[in-house]
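Overview (structure and organization)
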Amino acid sequence: MKNGKLDKKVLNERIEEALKYPLFDSIFNRRSRRFGLGMELKDSTLEFKSKYDPVPLTEVEEALLVWAGTGLTGLCLADLPPENGIDLLCQWTGRTWPSACNNHGTELFFTNDNGLYHVDVKNMLPKEHEIDLFFKLSREEKIARVLELYRESLNKLEDGRADMPDKMPGLFEFNQWNANKPGSTLFVPVTDVTEEYLNLLTLYCANSYGFTIIDDLTGKPAGVEKWVETGRLKGEIKLSLFDLEVRILTGLNVEQAFITQNMALALQPLGLAGWAFTGFIPRFAMGAAPNLFKGLGFRFVQPKKGTIDPPTTVPVGKDGVFESYCPPYYENMDDAIDHFLAHKWKAWESDKPFPYTEPDKHLMKAPRPTDTTIEIVRAVANYIYDTYGRFPAFVDPMYMRLVFQAMHIDVDFYDQYYPKGSYSDRHLQAFLENNPDQRERFEK
C-alpha cells in the first residue's frame, strides 16, 4: 500500500482472483457485514471503535459493484412469439437483472467521498449483433471492458459526499452510526413507475384484454365509460385503479432488490463489507425537505387532491437526469404519452441493434397498439391526472426503497465479538492488503 492506496499489482491480483470466485460460494457467504474501517459503534454490547482510517473503494471495485448491479451485458434474446407479446418490449438491451417488458426503469445513483453520481446505462447501446459483451473476453479484457463501460456511463452530479439524511426524520437510529460514512460508497436505486405504467396500459386496454379500470374512490370507470357502453372494454372484467398501481409498483420495485442482491454477491469475491437496507426514509433521501437534507435533489410537486388533506408532495424526477412521464416535465398527459411512444418505438427503428439474425422477419409480425387502444390509454391517464393532479394516482412516479452500502471491512470487530467464520478468507486478504502492518499478527 502506498499513500493510502493499494499497489496496482496487488489490486490487479485481487480483481483477478475475484473473477475466478465461485458463484455458489458468493451465495453461501453472503451476509450483511456492517462494520467498516474507520467506523465506531457506541453504547452497545457490541461497542467498538476502529483503530484504522477509512479507506475508500478503488475505481475498479466500484466499477465491478456497479456493473454487477446494473451493467449492460449485451442484447436481450427476446425469445417471445412475435404475434403476441414482443410488442411490449421497450428496448433490446440486456442488463445484469431482469425487467418487466425489458423496461429497465430503475436508475442507480451513488455517493462516495468524491461526489454524487448517476449511472446512465439506459441510454447505452451494445454494438450491432453483440448478443453478449463478455463471453469471448479474457479476464483481463473483461476488467478493461467493465471499466470502459463504467466510465462511459458515469455522470457526476455534484462534488463531495451527498447530503443524505443522518438523523430522524430521514434515517432510522439503528442506521445512523454507519450509513454514508467516510470511506463508504452508498448506492441508491430509484425506479420510474410511469414508463412501465403507460406501457402496460397498452396491454390492459388492448382489444384482446379490454379491462375496465375502476376508480376505487368513486366506484366508477376511470374515464372510459363510452368504451364500456360500446362493448370495446369488457364491463364485467374490472380492474381497480389501486390494484393496477400496486401491481405495477410491486412488479417494478423488485428491480431494486435484483440490483442490490447482485451487488451483495459481488462483495464476497472482492472481500468487501456491505449490506442492503431500508433505513432511509425515501422522501427525505430523495430531497423532499432540502432545508433538512438535500438528499438526491429530486423535484417534488404538490398534487391538487389526495387520500389525505393536504395531499403529500410526490417525487417526479431529477431535472435533466431522470424524469418521469408526467407534468411538469410534459405539458400534459397527452404530451407525456406522445413522448413515451416516440421513445419506445425509436428502439424498434432499423438502425438499432437487434438480437435476431433476421430481425425484419420477426418484427414485421409484431402488432402495434391500435388508435383506439391509444385513445383509451389517453383517457385513463388524463382521468387520473385531472382527478388527482398527479400521475399515478396512488403511488409515487419515482419510487425509492432499498439502498446498498459497500466499504472495506474491519475484521478486528468481528474477531472480538464473533466466532471464527463470520468473514471469509477473501475478507481477511482484502483487510491485510489495506493494512499490511497487521499481516504478522494473523500469520502467527
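Notes on the structure follow.

The rules behind these values
Along each chain, residue indices are assigned from 1 in the same order as the chain's sequence is written. Restriction of local features to residues with pLDDT of at least 70 applies here, the model being predicted, together with a cutoff of 80 or more for giving and counting side-chain atom pairs; totals for whole chains, interfaces and linings are based on all residues. The side-chain quantities take in all heavy atoms of the structure and omit both hydrogens and water. Elements are defined by DSSP. Helices are runs of H or I of four residues or more, strands are runs of E of two residues or more, and each kind is numbered from the N terminus. Partly exposed describes any residue whose relative accessible area lies between the buried limit of under 20% and the exposed limit of over 50%, with all areas from a 1.4 Å probe on protein chains only and scaled to the type maximum. Two strands are said to pair when DSSP picks up at least two bridges between them. Fitted lines through C-alpha atoms serve as axes, helices being fitted only where they are in contact, and the angles separating the N-to-C directions of these axes extend from 0 to 180 degrees. Small angles under 35 degrees read as roughly parallel and large ones over 145 as roughly antiparallel, with 65 to 115 read as roughly perpendicular and the rest as oblique. Any two residues whose heavy atoms approach within 4.5 Å are treated as being in contact. Charged means Asp, Glu, Lys or Arg here, nonpolar means Ala, Val, Leu, Ile, Met, Phe, Trp, Tyr, Cys or Pro, and polar covers whatever is left, Gly included. With the strands pointing away from the viewer, any crossover whose connection runs clockwise from the first strand over the helix to the second is right-handed.

What follows deals with the environment of Thr218. Within the secondary structure, Thr218 sits in the loop between strand S9 (211–214) and helix H6 (225–230). Accessibility expressed as a relative area gives 44% for Thr218, which makes it partly exposed.

Moving on: the sheet that holds strand S12 (residues 299–301). Strands belonging to one sheet form pairs held by backbone hydrogen bonds; the direction of such a pair is parallel or antiparallel. Read across the sheet, three strands follow the order S12-S13-S14 without closing on themselves; strand pairing throughout is antiparallel. On the outer flanks of this sheet lie S12 and strand S14 (322–323), each paired with one strand and no other. Judged from the two bridges that link them, strand S13 (residues 314–318) and S14 form a sheet pairing that is antiparallel. Along S14, the bridge assignment pairs Gly317 with Glu323.

What follows concerns the packing of helix H7 (residues 241–270) against helix H13 (residues 425–434). Two numbers describe how H7 lies on H13: the axes approach to 7 Å, and their chain directions differ by 65°. Considering the angle they form, H7 stands roughly perpendicular to H13. Taking contact as the criterion, the partners of Gln268, Pro269 and Leu270 in H7 are, on H13, Arg426, His427 and Ala430. When grouped by side-chain class, the residues that make up the contact of H7 with H13 number three nonpolar, two polar and one charged.

Side-chain alternation along S9 places Phe211 and Ile213 on one buried face and Thr212 and Ile214 on a second face that is also buried. With four bridges connecting them, S9 and strand S10 (residues 234–240) associate as parallel partners. What sits directly across from Thr212, in S10, is Lys238. The parallel pair S9 and S10, bridged by H6, forms a crossover whose chirality is right-handed.

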